[in-house]
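Breakdown of the fold
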Amino acid sequence: MGLPLGGETELSLERRDGRLVLSGDAQRYGHPLVVEFASGKVAHRRRFGGGRGQLLARACGLAHGVTPSIVDATAGLGRDGFVLASLGAPVLLVERVAAIFALLEDGLARALRDVEIAEIIARMRLVQGDSATELGDLVAAADFPPQVIHLDPMFPHRDKSALAKKEMRLFRTLAGDDEDAPRLLEAALDVATHRVVVKRPRKAPPIEGPPPRHVLEGKTSRYDLYVHRALRAG
């Protein structure tokens, strides 16, 4: 028996085979959404993703012996947060959507029982809240040092091809577009002690606000870096 999420999303949370899943019409949304750290794409990325040489790690400052504390202020399914934690960084995950928060909470609890990745999961903490309006309070309540804040806001789709990926369609139906991205960036800049890192589609404009100081480009996405001061090994 699922728990309907209300509105017109036609999505529900339910427990299947010991895991919490978010499901909807299979033709429209594809497979149910579940947070899984021990297998699948996340596990493959941990083993073969390129370590500290990958774009995400470089953007967040994991280089030259530096391992900063990182706030993943738009946690989503926790994939980037897990990668950063697997590289040694303490990570605070912040998620505003209640259903996604529930999936994350379930995924982290199950992963903590897996001896292969328990040490990584122990570096991850999860809180629920809206980073655009309460980031400072959330970080303070968690007593977490926000050296680096990572943002990956949902980008309003202008091309119907963006709907092709069913998982993203499901996520967008529930979470919506981050129309408050400029406010989110402003909040992150106020709270981060060293840098803010924003993931963007490669050809998308920067978020409205101050220009990034540096840009790291990949094949399909890029990272805009807003730097307050340099990260140094402690």
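In this convention, every chain numbers its residues from 1, walking through the sequence in written order. Per-residue local features are limited, in this predicted model, to residues with pLDDT of at least 70; the limit for side-chain atom pairs, both in listing and counting, is 80 or more; totals at the level of whole chains, interfaces and linings are taken over all residues. For side-chain calculations, the full set of non-hydrogen atoms in the structure is used, while hydrogens and water are omitted.

1. Observations regarding the overall build of the protein
For the purposes of this entry, the term helix denotes a DSSP run of H or I that reaches at least four residues, the term strand denotes a run of E that reaches at least two, and both are numbered from the N terminus. Along the backbone of the protein there are 9 helices and 10 strands. If you take every contact in the protein between residues at least 6 apart in sequence, the share linking residues at least 24 apart comes to 62%. Counting only carbon and sulfur atoms, one obtains 51% of the accessible surface of the protein, whose full area is about 11900 Å². For this analysis, residues touch if any pair of their heavy atoms sits within 4.5 Å. Note on areas: Shrake-Rupley with a 1.4 Å probe; residue coverage comes only from the protein chains shown.

2. Describing the nonpolar core
Nonpolar core, defined: a set of buried Ala, Val, Leu, Ile, Met, Phe, Trp, Tyr and Cys residues in which side-chain atoms within 4.5 Å join the residues together. Think of it in three bands: with a 1.4 Å probe and only protein chains considered, a residue is buried below 20% of the maximum accessible area for its type, exposed above 50%, and partly exposed in between. Within the largest apolar cluster, 48 residues are counted, with the highest numbers of intra-cluster contacts made by L22 and F37. Elements supplying a minimum of two residues to this core: β3 (19–23), α3 (55–59), α4 (79–86), β5 (91–95), α5 (98–111), α6 (118–121), α8 (166–175) and β10 (221–227). Residues L135, L185, A188 and V198 belong to the second largest nonpolar core, which totals 24 residues.

3. Points about the side chain of S69
As for its placement among the helices and strands, S69 is situated in the loop between α3 and β4 (70–72). In the analysis that follows, any N or O atom pair within 3.5 Å is treated as a polar contact, provided that within protein one partner can donate a hydrogen and the other can accept it, and provided that, for residues neighboring in sequence, both atoms belong to side chains. A polar side-chain atom of S69 sits 2.4 Å from the main-chain carbonyl oxygen of P145.

4. Brief notes about the confidence of the model for the protein
The predictor attaches a confidence to each residue, called pLDDT, with possible values from 0 through 100. In the predicted model, the protein carries a mean pLDDT of 87, and the fraction of residues at 70 or more is 85%. Note on residues 158–164: pLDDT under 50 across the span, and 3 contacts to partners over four residues away in sequence or across chains.

5. Focus on the pattern of salt bridges
Salt-bridge detection follows one rule: a side-chain nitrogen of Lys or Arg within 4 Å of a carboxyl oxygen of Asp or Glu. Applying the stated criterion across every chain, the model contains 9 salt bridges. Of the charged contacts, one joins E14 and R16 as a salt bridge, the two residues approaching to 3.2 Å between their closest N and O atoms. For E14, a relative accessible area of 16% gives the class buried. By relative accessible area, which is 36% here, R16 ends up partly exposed. Between D224 and R222 there is a salt bridge whose closest N-O contact spans 2.7 Å. The exposure class of D224 is buried, given its relative accessible area of 1%. Judged by relative accessible area, which is 5%, R222 ranks as buried. Three or more residues are tied together by salt bridges with common partners; here these are R15, R19, E36, D106 and R110.

6. What about the packing of aromatic side chains?
The aromatic pairing rule takes the rings of Phe, Tyr and Trp, using the six-membered ring of Trp, and pairs them if the centres are within 6.5 Å, calling planes under 30 degrees apart stacked, those over 60 edge-to-face and the rest tilted. This structure, assessed with the given rule, holds 1 aromatic pair. On the numbers, 5.1 Å between centres and 25 degrees between planes, the contact of F37 with F82 is stacked. With F37 in the loop between α1 (26–29) and α2 (40–48) and F82 in helix α4, the pair connects residues that are 45 residues apart, well separated along the chain. Owing to a relative accessible area of 0%, F37 belongs among the buried residues under this scheme.

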